[in-house]
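Given next are the chains, with one letter for each unit.
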Amino acid sequence: MKQTKILITGGTGFVGNHLQEELTQKGIQYHTFSSKEYDLTLKEGAEAVFAAHRDVDVIVHLASFQGAGD
């Protein structure tokens, strides 16, 4: 039986961390990354992460841009 490959964007955030815990408990493999590895606010960063993980079956997009007010 083929195991589903999951890529989590925003995996280091609040929801992403909890999702990682749940997937780990269930023995489901996943990959996540930080914005230092791939900056999804830049086109090049988004292209690079998806090129590096072409073989994923599911993308869980939890990444968000958070900025303080002026």
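Everything in this summary refers to the structure shown in the same document. Small disclaimer: the values here were computed from a predicted structure and weren't measured. (Residues numbered from 1 in each chain as written. Predicted model: local features only at pLDDT ≥ 70, side-chain atom pairs only at ≥ 80, totals over all residues. Heavy atoms only, no water.)

1. So, the overall build of the chain
Part 1: What the chain contains, in helices and strands, is two helices and three strands.
Part 2: Beginning at the N terminus, the succession of helices and strands in the chain can be written as β-α-β-α-β.
Part 3: Expressed along its principal axes, the backbone C-alpha trace of the chain runs to roughly 50 × 25 × 15 Å.
Part 4: Taken across its 70 residues, the chain has 20% of its residues classed as buried.
Part 5: Of the contacts made within the chain by residues no fewer than 6 positions apart, 57% connect residues no fewer than 24 positions apart. (Helix = DSSP H or I, 4+ residues; strand = E, 2+ residues; numbered from the N terminus. Buried < 20%, exposed > 50% of the residue type's maximum accessible area, 1.4 Å probe, protein only. Contact = heavy atoms within 4.5 Å.)

2. Some details on the pairing of strand S1 (residues 6-9)
Part 1: Judged by which residues are buried, S1 turns out to be covered on both faces: Ile6 and Ile8 on one side and Leu7 and Thr9 on the other are all buried.
Part 2: As paired elements, S1 and strand S2 (residues 30-32) share three bridges and run parallel to each other. Directly across from Ile6, in S2, lies its bridge partner Tyr30.
Part 3: For the crossover from S1 across helix H1 (residues 14-25) to S2, the handedness is right-handed.
Part 4: Relative to strand S3 (residues 58-61), S1 runs parallel, the two being bridged by four bridges. (Pairing = 2+ DSSP bridges. Right-handed = clockwise from strand over helix to strand, strands pointing away.)

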